[in-house]
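Coordinate inspection notes
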Amino acid sequence: MLQEIYIPLTTPLVHGQTYFVTQTLNGCESEKLAINVTLSQNNVPANNYRTSLL
């Protein structure tokens, strides 16, 4: 079973901040993956952007 938990849409992303994510599959958690945030100068939001790590 794959467990999906998302960062709430109300959570502001901070330029230069590193977020860590993991994936849990059949009760086994993966190693942490670092996601570094880079905000563009125009700060145009990406609509419904989603990527799969599978």
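Scoring rules and cut-offs
- Residues numbered from 1 in each chain as written.
- Predicted model: local features only at pLDDT ≥ 70, side-chain atom pairs only at ≥ 80, totals over all residues.
- Heavy atoms only, no water.
- Patch = residues over 30% accessible without salt bridge, like charges linked within 9 Å, V, L, I, M, F, W, Y side chains within 5 Å.
- Areas by Shrake-Rupley, 256 points an atom, 1.4 Å probe, with all protein chains shown as cover.
- Salt bridge = Lys/Arg side-chain N within 4 Å of Asp/Glu carboxyl O.
- Helix = DSSP H or I, 4+ residues; strand = E, 2+ residues; numbered from the N terminus.
- Buried < 20%, exposed > 50% of the residue type's maximum accessible area, 1.4 Å probe, protein only.
- pLDDT = per-residue confidence, 0-100.
- Contact = heavy atoms within 4.5 Å.
- Polar contact = N/O pair within 3.5 Å; in protein donor to acceptor, adjacent residues only side chain to side chain.

With respect to a nonpolar patch on the surface
- A cluster of nonpolar side chains, contributed by Ile 7, Leu 13 and Leu 39, occupies part of the molecular surface with about 250 Å² of accessible area.
- Among the structural elements, Ile 7 can be located in the loop between strand S1 (2-3) and strand S2 (18-21).
- Among the residues examined, Ile 7 registers a relative accessible area of 45% and is labelled partly exposed.

What to know about the confidence of the model for the chain
- Taken over all residues, the pLDDT of the chain has a mean of 76, while the share at 70 or more is 69%.
- Ranking the elements of the chain by mean pLDDT puts S1 last with 57 and strand S4 (residues 28-29) first with 89.

Some thoughts on the environment of Thr 18
- When you line up the elements, Thr 18 lands in strand S2.
- A sequence separation of 16 residues divides Thr 18 from Ala 34, and the C-alpha atoms of the two residues are 6.3 Å apart.
- Among residues more than four places away in sequence, those in contact with Thr 18 are Ala 34, Ile 35 and Asn 36.
- Polar contacts involving the side chain of Thr 18 include one to the side chain of Asn 36, which spans 2.7 Å.

Brief notes about the environment of Val 21
- Within the element layout of this structure, Val 21 appears in strand S2.
- Here the alpha-carbon distance between Val 21 and Leu 33, two residues twelve residues apart in the chain, equals 5.3 Å.

Remarks on unusual backbone geometry
- One non-glycine residue, Asn 26, adopts positive backbone phi at about 55°.
- A residue is classified by how much of its surface remains accessible, and Asn 26, at 61% relative accessible area, is exposed.

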